[in-house]
Amino acid sequence: MTIYRSVNPARLDDVVAEVRLADADGFVAACRTARAAQRGWAAVPAPVRGQVIGNLGRLVRANFETLARLVTREIGKPIAEARGEVQEIIDTCDFFLGEGRRLYGQTVPSEMSDKQLFTFRVPVGVAAIITAGNFPVAVPSWYLVPALLCGNAVVWKPAEYASASAAALAALVRRSGAPDGVFEVVDADGAATYEGLSGALDAGLVDKVGFTGSSEVGARIGELTGRHLQTPCLELGGKNPMVVTPDADLSLAVEGALFGGFGTAGQRCTSLGTAIVHESVYESFVDSLGKALSDAVIGDPSREDVLYGPLLADRFARRYEDYLGWIGPHHRVLGSGGRTGRITADNPRPGFAGDPAGGLFYHPVLVAGVRPDDELFRTETFGPIVGVMPYRELDEAIELANAPGYGLSSSIYTNDPRSAFAFRAGVSAGMVSVNNSTSGAEAHLPFGGNGRSGNGSRQSGIWVLDQFTRWQSMNWDYSGRLQKAQMDTQSI
Ligand code: UN1
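From a predicted model like this one, the values you see are computed outputs, not experimental measurements.

Some points on the pairing of strand β2 (residues 11–21)
Alright, step 1. Here strand β1 (residues 2–8) pairs with β2 via seven bridges, running antiparallel. Paired with Thr2 across the two strands is Leu21, which belongs to β2.
Alright, step 2. Between β1 and β2, which follow one another and run antiparallel, lie two residues.

A look at the environment of Leu169
Alright, step 1. Along the polypeptide, Leu169 turns up in helix α6 (residues 163–175).
Alright, step 2. Taking the C-alpha atoms as reference points, Leu169 and Val137, 32 residues apart in sequence, are found 6.6 Å from one another.
Alright, step 3. Among all residues touching Leu169, those that are not within four sequence positions of it are Val137 and Pro140.

Remarks on the UniProt feature "active site" (unreviewed entry) in the protein
Alright, step 1. Here, UniProt's "active site" (unreviewed entry) annotation points to Glu235.
Alright, step 2. Sequence-distant contacts of Glu235, defined by excluding residues within four places in its chain, comprise Thr212, Cys269, Gly448, Gly454 and Gln459.

Some thoughts on the nonpolar core
Alright, step 1. Core analysis: the largest hydrophobic core is formed by 141 residues, its most contacted members being Phe27, Cys31, Ala128, Leu148, Val154 and Val155.
Alright, step 2. Ignoring sequence-local partners within four residues, the contact set of Leu148 consists of Arg49, Val52, Ile53, Val154, Ala178, Val182 and Phe183.

Concerning the site of the ligand
Alright, step 1. Near the ligand you find Asn134, Phe135, Val139, Thr212, Arg268, Cys269, Thr270, Ser439, Gly440 and Ala441, and these make up its full shell.
Alright, step 2. When its residues are assigned to classes, the shell around the ligand shows four nonpolar, five polar and one charged.

Let's talk about the environment of Ala422
Alright, step 1. Here Ala422 lies in helix α14 (residues 417–426).
Alright, step 2. Accessibility expressed as a C-beta count within 10 Å gives 17 for Ala422, which makes it partly exposed.
Alright, step 3. A C-alpha to C-alpha distance of 8.7 Å links Ala422 and Ile398, two positions 24 residues apart in sequence.

Rules and cut-offs
- Residues numbered from 1 in each chain as written.
- Predicted model: local features only at pLDDT ≥ 70, side-chain atom pairs only at ≥ 80, totals over all residues.
- Pairing = 2+ DSSP bridges.
- Helix = DSSP H or I, 4+ residues; strand = E, 2+ residues; numbered from the N terminus.
- Contact = placed C-beta atoms within 7 Å.
- UniProt positions renumbered as here; feature names shortened; annotations may be inferred.
- Core = buried A, V, L, I, M, F, W, Y, C linked by C-beta atoms within 7 Å.
- Buried ≥ 20, exposed ≤ 12 C-beta atoms within 10 Å, placed from the backbone.
- Near = placed C-beta within 6 Å.
- Nonpolar A, V, L, I, M, F, W, Y, C, P; charged D, E, K, R; others polar.

Encoded structure:
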């Protein structure tokens with residue numbers, strides 16, 4: 001039995017939780033338990049399942065600050081953002097508790113008399129949900145809440161490095177009235193999860209997989225589920241572009257780039273990847289963003305005023321070092337007095353909030369002069385490293401925005417409605433912001449991406465019901481005779 005230690009990334013000697021990791025068999029066993037419980041749950045009337053979601057929302061509200069502080073301690077998310085994350089769970093519960101009283105099907109006219117057609121939403125069965133730890137409670141709730149509301153059983157595999165936050169949310173889900181077996185949590189590493197998921201699919205124990213994480217792992221999940229003719233719900237990485245047109249409000253655009261690129265240390269799937277700025281305002285954008293970044297407070301995430309705290313966990317710190325290798329001689333590095341790498345006494349950042357020793361604190365890196373053939377342009381960094389490049393014509397900017405082949409979030413700063421709509425129509429992203437940052441989507445709009453960012457599946461709002469239910473149609477003939485469709489249909 002492997003023990004995993006989840007540590008506070010701002011103070012690596014602070015162990016937040018020790019969890020026992022399950023092996024592949026443990027994962028399969030949880031799916032078996034969920035399978036056994038699911039039918040009973042589906043038989044509970046949807047409005048009653050909605051009450052469970054209502055209870056969960058109330059419990060999260062009652063534990064708001066405790067949960068936010070735990071998230072901050074475990075993954076280093078600034079406390080203001082952690083509160084926003086907890087609020088996002090409540091928003092999701094608020095939305096779906098009422099859905100228990102709708103979950104509409106349709107009555108549809110038949111082409112024959114004395115016959116009526118209907119549609120029903122039916123639960124898919126057992127949903128295996130595998131989530132990342134950058135949003136350790138809000139993003140899981142996007143899956144858990146609608147999946148349970150729709151009458152599915154859920155097996156949730158959270159990120160190991162966020163297991164204490166996951167356990168706290170799981171305890172609230174259990175207290176909310178979901179019966180035993182309907183909601184199972186499995187702590188496991190990536191290899192055991194993959195093997196367990198594969199076994200559970202082979203044994204017919206999983207009907208839907210929801211995955212939030214990297215594009216690479218998403219592709220493997222897609223292959224695995226494809227063998228079983230299943231379509232997973234995939235929310236993957238992004239290289240989210242932001243276009244700044246010549247007429248844009250430049251200080252608003254700089255603010256949006258600062259939050260979108262460096263807030264959460266760039267560790268959102270919606271974080272800004274590359275700012276594509278019109279050549280007439282390029283230099284002043286780069287200077288202002290560089291200055292804003294130098295003035296920004298980085299450090300202790302429990303402080304209200306920090307732009308970002310530590311990276312999430314060790315593995316992300318190692319990747320940050322790899323990304324630095326993508327910076328070439330043609331680039332100009334701004335943001336922290338030209339410094340990059342870990343913030344230490346020997347590699348300091350003026351105005352650092354707190355003591356950097358013993359935490360995964362890294363310099364923000366703004367890279368000007370990015371070109372289309374740079375790795376930095378093509379690939380997600382998932383860290384506080386953002387590129388900037390100039391453009392001449394809007395068409396060229398749209399082409400650059402789409403070039404990396406992701407398609408999650410995007411943004412345009414402009415005061416010209418024609419530019420805004422041309423961008424909306426041309427960009428391949430699932431989400432478009434006008435005069436707002438790439439990150440910060442609201443919890444009741446469709447959330448999701450295309451290309452390397454996902455398979456077109458959408459979460460949040462009413463649209464996610466299509467992930468966790470399937471349409472069943474029914475026809476009811478009360479004519480008392482065999483009426484054959486197409487053949488016995490009257491024509492006029
Ligand atoms: C993610 O990083 O996986 O739009 C999700 C946003 C947040 C969700 C991010 N509401 O930035």
